[in-house]
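Each chain, letter by letter, is given below.
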Amino acid sequence: MKVSTSKLLVFLVFFIFYQCQACPHYKFIVKEVPYTRLCSTKKILTVNGQFPGPALYVNKGDTIVVDVYNRGNYNITIHWHGVKQPRNPWSDGPAYITQCPIQPGAKFRQKIIFTTEEGTLWWHAHSEWSRATVHGAVIVYPKMGTSYPFPKPNVEIPIILGEWWKEDVRQVYLDLERYGGIGVTSEAYVINGQPGDLYPCSKPETFRLKVKKGLTYLFRIVNSIMLDSLFFAIANHTVTVVGSDASYLKPFNRTFICISAGQTIDVLLEANQSPNHYYMAASVYTIGIAGTYDNTTTTAVVEYNENYTPSSPPVFPSLPSYNDIEASINFAASLRSLADKEHLIDVPMEINTHLFYTLSINSPCKNNSCPGGEPRLLASVNNISFLNPSIDILQAYYCCIQGVYGTNFPDFPQLFFDFTADYLPTDWEIPHLGTEVRVLDYNSTVELVFQGTNLLKGSDHPMHLHGYSFYVVGLGLGNFDKDKDPSTYNLVDPPLQNTIHVPKNGWMAVRFMTNNPGVWYMHCHFDRHMVWGMDTVFIVKDGESPEAKMLPPPPDMPPC
């Protein structure tokens, strides 16, 4: 029997790609275990019994295999946040976008392909609200034989910023999905799983970091929080920001950072202060109204490892006010790619695909007068509130299954208006509902402008794109001006990120090239907004060469 060359090639690629016996293998066992926080004990979903979950350590360009065993009681998926997964959306993880969930008792082998990423990323659950406790760091070291673009730190420390609900998080999610309101906010933020000294029943377990004067510490900071962005600082210390979203930055010094939900930031801390105990602390950055956010402060302690009498309590850092939008904007505007000869950048200059996406909070009912009297909320991109399908979009695309999604997602909103006006017609608050995607040709050069609107008083939006990083070429407050604002773009050394914080009543412009075929999710990383419908999908078509085509599915894709 004759076998065509093309079929043989596909088979060989499939075999080599999915077997990968030489790749490092990890085992993630998803299971419930009891944890005690804030004076009470409850069962939480974990990976390998750990909260936060285990960190993964790889080198730039590595490929690893993670076997995910679901020994919990509910469906689960795992996403590798910021890993581009070239040609391999099958292991990307978002439920009903690139896979159906891993059902209780089942297993799924995920292949994680690292390419240009270098720095700090993270992994997390991507189904319902499981990621509140199912998450961990991914540390991507430089390629073997190379080094950091800054003096090698003496110690590296993952700092995972998270949160804690006394209630069952799944029930919080189900209530939000059912009733469509604001939902229950968390009772505490946590640093490496611990709330810190300012919360009841928490001080004995506060995370403590012993440092030695004269040494340099690399903090790999992950914001895993579901609903909020944070200010973070260390008392009496200045940090040097050197990276974000696994991409190096031109170093700059700050007394605090602003880190959006979903982002990672790498900072260097020099232990150069008088020996003492110093708080590191994180508190919310938000423009939300009271009751819609957690207004507490989490702490950990930096302890100098010498003989002295520490101050009591430890020295506390100065953090910006919770609604200091100027502090947030100025921090984001300070990010610049390293862009040296060892870390080249490739910003698209000739754009052939212009997209303008409005981000809005909406209501399904005129004047928010829904039956029952309770306010219900939706959210939208270009006035389309996303509906999850019953089978995953990737499967439908690959197998040409009709009726799962539409391809009419608009490049621009149907209606242009003063997006940031104080008063907007209530008719504009009602979005369309649908499962619409935008299909893009391979190797398109895209400029995407995100515009925040003031519908229902607006909000910030940390927008995350799967399968890609993008160059953040511009940002500002107010309405984007297509005739003036592009002249302010940074096309020389814009930061390369996968998650950006679009300010309330402001805009951000990003550019990227569609050189990764597949189905890729884009959504707000405030999970409340994602439940309300602030998400959409890009389908990037195959290119001409074999290396530009999406890989075939693995044999153990979870069934729907």
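Residues numbered from 1 in each chain as written. Predicted model: local features only at pLDDT ≥ 70, side-chain atom pairs only at ≥ 80, totals over all residues. Heavy atoms only, no water.

Enquirer: Give a detailed account of the overall build of the chain, specifying residues and quantitative values.
Expert: If you tally the helices and strands in the chain, you get 5 helices and 32 strands. Relative to the 2.2 N^0.38 estimate, which gives 24 Å for 560 residues, the radius of gyration of the chain is 23 Å and therefore close to what a compact globule would have. Over its C-alpha atoms, taken along the principal directions, the chain stretches across nearly 80 × 60 × 50 Å. For the chain, buried positions account for 59% of its 560 residues. When the accessible surface of the chain is totalled, it reaches about 22,600 Å², and 52% of it is carbon and sulfur. Of the side-chain charges in the chain, 41 are positive and 50 negative, and the distance between the mean point of each set is 6 Å. (Helix = DSSP H or I, 4+ residues; strand = E, 2+ residues; numbered from the N terminus. Rg over C-alpha atoms; globule rule 2.2 N^0.38 Å. Buried < 20%, exposed > 50% of the residue type's maximum accessible area, 1.4 Å probe, protein only. Areas by Shrake-Rupley, 256 points an atom, 1.4 Å probe, with all protein chains shown as cover. Lys, Arg positive; Asp, Glu negative; His and termini not counted. Charge placed at Lys NZ, Arg CZ, Asp CG, Glu CD.)

Enquirer: If you had to explain the state of the cysteines to someone new, which residues and values would you point to?
Expert: Tallied over the full model, the rule gives 2 disulfides. As a non-bridged cysteine, cysteine 258 has cysteine 524 as the owner of its nearest cysteine sulfur, 14 Å distant. Considering cysteine sulfurs only, cysteine 400 is the nearest to cysteine 399, which forms no disulfide, with 7.6 Å between them. (Disulfide = S-S within 2.5 Å.)

Enquirer: Give me the lowdown on the side chain of arginine 511, citing residues and values where you can.
Expert: Relative to the assigned elements, arginine 511 resides in strand β30 (residues 506–513). By relative accessible area, arginine 511 is classed as buried at 7%. A distance of 2.9 Å separates a polar atom in the side chain of arginine 511 from the backbone oxygen of proline 348. Those residues in contact with arginine 511, other than ones at most four positions away along the chain, are Val347, Pro348, Met349, Ile351, Val446, Glu447, Phe470, Tyr471, Val473, Tyr489 and Leu491. (Polar contact = N/O pair within 3.5 Å; in protein donor to acceptor, adjacent residues only side chain to side chain. Contact = heavy atoms within 4.5 Å.)

Enquirer: Could you give an account of helix α2 (residues 169–179), naming the residues involved and the relevant values?
Expert: Two residues of an α-helix separated by three or four positions point the same way, owing to the 3.6 residues in each turn. When we look at burial in α2, the residues that qualify are Val169, Val172, Tyr173 and Leu176. Seen end-on, α2 carries its buried residues on one side only, within an arc spanning 100 degrees. At its buried positions, α2 is contacted by β2 (40–47) and α5 (527–532). (Arc of directions from axis to C-beta.)

Enquirer: For the packing of aromatic side chains, give the residues involved together with the corresponding values.
Expert: Within this structure, the stated rule accounts for 28 aromatic pairs. Ring pairing ties together the aromatic residues Phe356, Phe416, Phe417, Phe419, Trp428, Phe480 and Trp507, which thus form one cluster. A cation over a ring is seen here: arginine 37 above tryptophan 164, with NZ or CZ 5.8 Å from the ring centre. The ring of tyrosine 74 is capped by arginine 170, whose NZ or CZ atom sits 3.8 Å from the centre of that ring. (Phe/Tyr/Trp six-rings, centres within 6.5 Å; stacked < 30°, edge-to-face > 60°. Lys NZ or Arg CZ within 6 Å of the ring centre and 35° of its normal.)

Enquirer: Tell me about the pattern of salt bridges, and name the residues and values.
Expert: Taken as a whole and judged by the stated rule, the model has 15 salt bridges. Salt-bridge contacts for arginine 336 lead to aspartate 493; the nearest nitrogen and oxygen are separated by 3.7 Å. Note that arginine 336 is positioned in the loop between α3 (325–333) and β20 (353–362) and aspartate 493 in the loop between β27 (470–477) and β28 (496–497), a separation of 157 residues in sequence. Salt bridges here are not isolated pairs; linked through shared partners, they connect Glu156, Arg220 and Asp266. (Salt bridge = Lys/Arg side-chain N within 4 Å of Asp/Glu carboxyl O.)

Enquirer: If you had to explain the sheet that holds strand β4 (residues 63–70) to someone new, which residues and values would you point to?
Expert: The sheet built from 4 strands is open, its strands ordered β2-β1-β4-β6 with mixed pairing. The open sheet terminates on both sides in strands that have one partner only, identified here as β2 and β6 (107–113). Going from strand to strand, the sheet's axes swing by 25 degrees on average, the running direction of each strand aside. Where strand β1 (residues 25–37) meets β4, 6 bridges bridge the pair, whose relative direction is parallel. (Pairing = 2+ DSSP bridges. Axes fitted to C-alpha atoms, helices over the stretch in contact; angles between N-to-C directions.)

Enquirer: Explain the confidence of the model for the chain to me, using residue names and the numbers behind them.
Expert: Per-residue confidence for the chain averages 94 on the pLDDT scale, and 94% of its residues sit at or above 70. Segment residues 1–18 is flagged for pLDDT under 50; beyond a separation of four residues in sequence, or across chains, it makes 19 contacts in the model. (pLDDT = per-residue confidence, 0-100.)

Enquirer: Before we move on, could you go through the sheet that holds strand β16 (residues 257–259) and cite the residues and values that matter?
Expert: For sheets, the rule is that strands pair by backbone hydrogen bonds, running either parallel or antiparallel. The 5 strands lie next to each other as β11-β19-β18-β13-β16, forming an open sheet whose pairing is mixed. Two strands lie at the open edges of the sheet, namely β11 (208–211) and β16, each paired on one side alone. Pairs of neighbouring strands in the sheet enclose a mean axial angle of 25 degrees, with direction left out of account. Here strand β13 (residues 229–234) runs beside strand β18 (residues 277–285); their pairing, made up of 6 bridges, is antiparallel. Bridged to phenylalanine 231 within β18 is serine 283. Sheet strands touched by α3: β13, β16 and β18. Its angle to β16, the strand with the most contacts, is close to 90 degrees.

Enquirer: Could you give an account of the pairing of strand β29 (residues 499–502), with specific residues and numbers?
Expert: Here β29 shows a buried face lined by Thr499 and His501 and a second buried face lined by Ile500 and Val502. Relative to β29, strand β26 (residues 461–465) runs antiparallel, the two sharing 4 bridges. Paired with histidine 461 across the two strands is valine 502, which belongs to β29.

Enquirer: Now, about the environment of asparagine 295: what can you tell me, with residues and values included?
Expert: Among the secondary structure elements, asparagine 295 is positioned in the loop between β18 and β19 (297–304). The spacing of asparagine 295 and alanine 333 is 38 residues in sequence and 26 Å in space, taken between C-alpha atoms.

Enquirer: Pulling in residues and values, what's your account of a positive patch on the surface?
Expert: Together, Lys27, Lys31, Arg71 and Lys107 give the surface a local cluster of positive charge. Using a relative accessible area of 36% as the deciding quantity, one classes lysine 107 as partly exposed. (Patch = residues over 30% accessible without salt bridge, like charges linked within 9 Å, V, L, I, M, F, W, Y side chains within 5 Å.)

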